[in-house]
Amino acid sequence: MTAAGARDVGPVIHSTNVGAIRRAFADTPAQLRTISLALTVALVVLGSLAAWTIRDRADATARVRDESGPLLVSTQELTSSLAESDAAATSAFLSGQLEDRDQRRSYDDTIARIAVLLEQSARTGGADETTHDLIADVQARTVVYAATIERARALRELGEPAALETLQSASAFRTERLVPTVDALAERARDRLDEDIGRATGGSELASAAVVAMLASVIAASVWMARRFRRIVNLPLVAATLLVLAISVWTLTATARQQSDLDSARSVGLPAVVALADARGAAYRLQTVVTTGLTADGTVSDDVGALRAAVSERSVTDGDILRARAGERVGFGGVLVSLVERPRDAVGRALAAETLERWRRYDTALESLRTTSDPQAAIALLSSDGNEAFTGFNVTIDALLAADRDVFLNDVARGADRFDHLALATLLASVVAAMAVLAGFAQRAREYR
Amino acid sequence: MTGRTMHRRDVLRSLAALGLVAATPPLAGCARSRSAFRSTLGTGADRLRILNWTAYIDDGADGTVARFSAEQGVDVEYVEEFDDNNAVYDGVLAPSLDSGDATGWDIVCPTFWLAARLVDQGWLEPLPLDLIPNHVNLDVPFLRQPFDRGARFNLPWQAGITGIAYNSDLVTPVASITDLLTRDDLRGRVAFFSEMRDSLGLAMLAGGADPSAATLDTAGAALDRLVERRAAGHIAAFADNTGYLDGLRSGEYAACVAWSGDLVQLRAERPEFEFVIPEEGGMQWFDTMVVPRGAEHGRALAAWMNFVYDPANAARITASVQYISPVVGVRDVLAGLGGESAQLADNPLIFPDDATRRRLFTWHGTTTDEDDELAASFEALVAG
């Protein structure tokens, strides 16, 4: 085609378009046909847009429910389980050459739990290569750590003095090599959760605008039809309007509730899970320091006072426990107190109050240890009442963690449920409404003739 | 995505190579707890239906049920028809819960291993802990059970020890399971339990195996041993919870496997009976209160649990049934009462000291499928 030819074609096309438009609106049947076609296309396009947006958001919410949410919970539990394993391994040393079966069982249970958590993390890791690399690193380092503990155990059974040194090297390995990797994994999990929640709650304006535009279109068509044709009721159009209204209400409500569920998960359940892991980690560090000190030279290290204060700034009283149960502010410092003060339902508050009570029992045992001058008596005290009280505190923390985890995961699951079938329903509703519009306009055209 | 996705078996394999992980996961309830869980517990406060084992509470006008009813204004139907874990599971729990229906019971009291299975199946309501402040009195060993850490789904009722009972008028002391299984003077006068974990557990201990880390192999070897002893006519019967006491009283059994609480009670009237924890070790167990899904009377059952976890009320139950109480403070209450109650406070079968506890084992380690496989063989043995 030459340049001159191109110049010649322009006016022809322009005049053809103008002619077509004129013909489309030349008489009333033509107007009806044209408007119905335009409305049909608009409904299908807007419906598809809304459905696609909802589907994208639903997928992201499902990822929060099935992958990033459980992954983050698993990594938090991993952090505290590693601390627990160290405390349990160290406690098992208190019983001398003849290993205490309960202590040993406690350590074995913890290692088994770590294995379960690693598997859960891998299963919920999705397609993220970094996550899986970190999980593999944690696994490899856990094996090294556990092997070192086993070596220390074997040396102790032989009565070798190097046993304690080996135990301490295992503890150091955990602190310097294993925990940082777990922290990196937890950070990665948190980033992924933020990203997924962002996607799960984003795009709501687009979906809402699309369904509102659909609704506006069919209402406008109904109004135009009523005015133009002396308020005669067109049943297919009324049906289309009601259908689009229903899907609009459903979409707007589901979107708002899903947003609220995920906001709740992010602002209530998740911080509680994180705070719990922090509090438990602090308590385990304390238990490890106490046990290691007693095992090494029969004394309680000076660090213990600061570590106790980090968990709970002062001794817990009956009033504190009652306030925690009532959901009132406990009112002093320490990671445990800030954990207890987090908003929870009645069962969660009851567990938080019990956690405080069981901490008080452990704290009382620590105070007795501090004032015991005989190292053997101190070891005996720690290996009986002290360990039992610590276990009680630790297990109650587990129960509280489980309750907070359930709240978090239930919020996420509820949010995901909000979009069940909504995308498909929106698409189908837009198609059915479009067909009803076509039928309604065709009926009017026939009546007009 | 790399090929580095790891499965639990990979991790377990690595750790198992170090001898760190037994065959079984200790987190039986983990799968359930990961999923969204919505309570279906009712809020009824005026009625309560409890299904418990026989002779497991102080009865009468001043008994626990009567006092609770009077204090709380709750109409309690306390039924002592829990005779066998498997029978209750198959006849009462599974038919309703498997189809999503309520059982009609607010509280049932299975043994711990069945409670673990029920937790794993998601058939239990979480306890309304906000209404049970005395939950804090639960003793730590019961709080740390792997199937329900923190006891959010179960609240132990009583615990006990499985050991050996013998009639000192008929035979010389029977100090070990090996004696019970081999001594010629006991041939044909010995009974074991129809409760699989007790009988197999003791037989495992006699064979040097650890029932707290049971495997299909070690349990199977113990089962073979019992089969051989039964075929040789040494074991006369595998008795249930009432049958063994009848046989002991009548002299049909000169020695048998027995539960500590029963023997403490029996000895009060028949001091010729002795109970010993075998030299190889004894089995420990507990029965526990659980709330099946869809229970109607949530407030009433919480009030009951709180009531029986008050040490003063728990002490009355202990004084009557003489099993191990899971409630902290019971011993102090009994000691404070003086007289016979104070003597109970010093009984190591009711309040085991650390040395006694170290000799006790709780069945642990086998999977549900392995349990079912063992149970099928064991039931054939019991049936004769």
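Refer to the structure presented above.
Here the structure is a predicted model, which is why all the values come from computation and not from measurement.

1. Re the environment of Leu131(B)
All names here are of chain B. You can see Leu131 is positioned in the loop between α5 (112–121) and α6 (140–143). The exposure class assigned to Leu131 is partly exposed, which follows from its relative accessible area of 29%. Apart from residues lying up to four places away in sequence, Leu131 is in contact with Arg299, Ala302 and Asn306.

2. Remarks on helix α10 (residues 243–250) of chain B
All names here are of chain B. Within the span of α10, buried status applies to Tyr244, Leu245, Gly247 and Leu248. One side of α10 holds all its buried residues, which, seen down the axis, span an arc of 160 degrees. Buried-residue contacts for α10 involve β4 (154–167), β5 (190–193), β6 (235–239), β7 (255–259), α11 (260–269) and β8 (273–276). Looking one or two places after α10, you find Gly251, whose phi comes out positive at around 90 degrees.

3. Here's the deal with the pairing of β7(B)
Residues and elements named next belong to chain B. The buried fraction of β7 is high, at five of five residues. Where β5 meets β7, two bridges bridge the pair, whose relative direction is parallel. Within β7, the position partnered with Val190 by the bridge is Ala255.

4. Overview of empty space enclosed by the protein
All names here are of chain B. Inspection of every chain in the model, using the stated rule, returns three cavities of 30 Å³ or more. In this structure, the second largest cavity encloses a volume near 60 Å³. Pro156, Trp157, Gln158, Met289, Val308, Tyr309, Ala314, Ile317, Thr318, Ser325, Pro326 and Val327 are the residues that line the second largest cavity. Elements with a contribution of two residues or more to the lining of the second largest cavity: β4 and α13 (311–321). Of the residues assigned to the lining of the second largest cavity, the class counts are nine nonpolar, three polar and no charged.

5. A short note on the side chain of Asn313(B)
Residue and element names in this part refer to chain B. Checked against the element boundaries, Asn313 lands in helix α13. Residue Asn313 is classed as buried on the basis of its relative accessible area of 10%. Looking at Asn313, its side chain comes within polar contact range of the side chain of Arg67, at 3.1 Å. For Asn313, the side chain forms a polar contact with the main-chain oxygen of Phe307, separated by 2.9 Å. Setting aside anything within four residues of it in sequence, one finds Asn313 in contact with Arg67 and Phe307.

6. Some details on unusual backbone geometry
Residue and element names in this part refer to chain B. Residues other than glycine seldom take positive phi values, yet Ala151 does so here, at roughly 50 degrees. Mapped onto the elements, Ala151 comes out in the loop between α6 and β4. Even without being glycine, Gln322 reaches a positive phi, approximately 60 degrees. Structurally, the position occupied by Gln322 is in the loop between α13 and α14 (330–337). Taking relative accessible area as the criterion, Gln322 reaches 14% and is therefore assigned buried.

7. Details of the packing of aromatic side chains
Tallied over the full model, the rule gives 21 aromatic pairs over all chains. Taking 6.3 Å as the distance between ring centres and 10 degrees as the angle between the ring planes, the aromatic pair formed by Trp157(B) and Trp304(B) counts as stacked. Placement of Trp157(B) in strand β4 and of Trp304(B) in helix α12 (residues 298–308) is noted, with a sequence separation of 147 residues between them. Residues Trp157(B) and Trp304(B) agree in their burial class; the two are buried. Residues Phe192(B) and Phe238(B) carry aromatic rings whose centres are separated by 6.3 Å and whose planes lie at 50 degrees to one another, so their mutual orientation is tilted. Of this pair, Phe192(B) sits in strand β5 while Phe238(B) sits in strand β6, and the two are 46 residues apart along the sequence. Looking at Phe192(B), the relative accessible area reads 0%, which means it is buried. What makes Phe238(B) buried here is its relative accessible area of 8%. Here the basic side chain of Arg314(A) rests over the ring of Phe332(A), its NZ or CZ set 3.9 Å away from the ring centre. Positioned above the aromatic ring of Tyr89(B) is the side chain of Arg117(B), whose terminal nitrogen or guanidinium carbon lies 5.8 Å from the ring centre.

Conventions and cut-offs
In every chain, residue numbers begin from 1 and rise along the written sequence. Written order determines the labels here, with chains lettered from A and ligands numbered from 1. Note on the predicted model: pLDDT of at least 70 is required for a residue's local features to be given, and 80 or more for side-chain atom pairs to be given and counted; whole-chain, interface and lining totals, by contrast, use all residues. To obtain the side-chain values, all non-hydrogen atoms of the structure were included, while hydrogens and water were left out. Comment: elements are numbered from the N terminus, with helices defined as DSSP H or I runs of at least four residues and strands as E runs of at least two. When a residue's accessible area, from a 1.4 Å probe over protein chains only, is under 20% of the maximum for its type it is buried; when over 50% it is exposed; and in between it is partly exposed. By definition, residues are in contact when any of their heavy atoms lie within 4.5 Å. Taking the helix axis as origin, the arc is that swept by the directions to the C-beta atoms. Should DSSP find at least two bridges between two strands, the strands are taken to pair. Every definition here rests on a 1 Å grid over the protein atoms only: cavities are sets of points where a 1.4 Å probe fits but cannot get out, pockets are open sets enclosed by protein on both sides within 12 Å along at least five of seven lines, and lining residues have some atom within 4 Å of a point. Grid points are joined across faces, edges and corners, and a volume is the space filled by probe spheres set on the points. All amino acids are sorted into three groups, where Ala, Val, Leu, Ile, Met, Phe, Trp, Tyr, Cys and Pro are nonpolar, Asp, Glu, Lys and Arg are charged, and the leftover types, Gly among them, are polar. We call two N or O atoms a polar contact when they sit within 3.5 Å, provided that within protein one can donate a hydrogen and the other can accept it, with sequence-adjacent residues counted only if both atoms are side-chain atoms. Each pair of aromatic rings taken from Phe, Tyr and Trp, with Trp reduced to its six-membered ring, is defined by centres within 6.5 Å and is described as stacked if the planes are under 30 degrees apart, edge-to-face if over 60, and tilted in the remaining cases. Lysine and arginine charges are scored as sitting over a ring when NZ or CZ, respectively, is within 6 Å of the ring centre and within 35 degrees of the ring normal.

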